[in-house]
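Single-letter residue listing:
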Amino acid sequence: MASRPTQGTLDNARTEQNITYIRQMLGELRAVADSERADMLCYLIEMAYLEAGDVLSGKQPLSVVKR
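In this report, we go over the structure that sits alongside the text. (Residues numbered from 1 in each chain as written. Predicted model: local features only at pLDDT ≥ 70, side-chain atom pairs only at ≥ 80, totals over all residues. Heavy atoms only, no water.)

1. Considerations on the packing of helix 1 (residues 13–35) against helix 2 (residues 39–57)
Logical step 1: Between helix 1 and helix 2, the shortest axis-to-axis distance is 9 Å and the interhelical angle comes to 160°. Comparing their axes, helix 2 and helix 1 come out roughly antiparallel. The hand of the helix 1/helix 2 crossing is left-handed. Contacts between helix 1 and helix 2 involve Glu 16, Ile 19, Thr 20, Arg 23, Leu 26, Gly 27, Leu 29, Arg 30, Ala 33 and Asp 34 from the first element and Leu 41, Cys 42, Ile 45, Glu 46, Ala 48, Tyr 49, Ala 52, Gly 53, Val 55 and Leu 56 from the second.
Logical step 2: Among the residues making up the contact of helix 1 with helix 2, the classes are represented as 12 nonpolar, 3 polar and 5 charged. (Axes fitted to C-alpha atoms, helices over the stretch in contact; angles between N-to-C directions. Helix = DSSP H or I, 4+ residues; strand = E, 2+ residues; numbered from the N terminus. Parallel < 35°, antiparallel > 145°, perpendicular 65-115°, else oblique. Left-handed = near helix turned anticlockwise from the far one by under 90°. Contact = heavy atoms within 4.5 Å. Nonpolar A, V, L, I, M, F, W, Y, C, P; charged D, E, K, R; others polar.)

The following block contains the structure:
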């Protein structure tokens, strides 16, 4: 079974839902950017998409800045 993000990565279910939503929207935006042949936008959106996936999987913290 895959491990879930630890405390401090995703503090609650609402945050996880929000990051999941953002990732879904980024996927849609990437498709639009691709259809317009906006290569730099595709690249930047893809990086954000991957980052969101890493946050959801617990590989990357939600924030790198301590508050």
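2. Notes on the pattern of salt bridges
Logical step 1: Inspection of every chain in the model, using the stated rule, returns 1 salt bridge.
Logical step 2: In this structure, Glu 46 engages Arg 30 in a salt bridge whose closest nitrogen and oxygen atoms are separated by 3.0 Å. With Glu 46 in helix 2 and Arg 30 in helix 1, this pair connects stretches of sequence that are 16 residues apart.
Logical step 3: For Glu 46, a relative accessible area of 24% corresponds to the partly exposed category.
Logical step 4: On the accessibility criterion, Arg 30 (29% relative accessible area) is partly exposed. (Salt bridge = Lys/Arg side-chain N within 4 Å of Asp/Glu carboxyl O. Buried < 20%, exposed > 50% of the residue type's maximum accessible area, 1.4 Å probe, protein only.)

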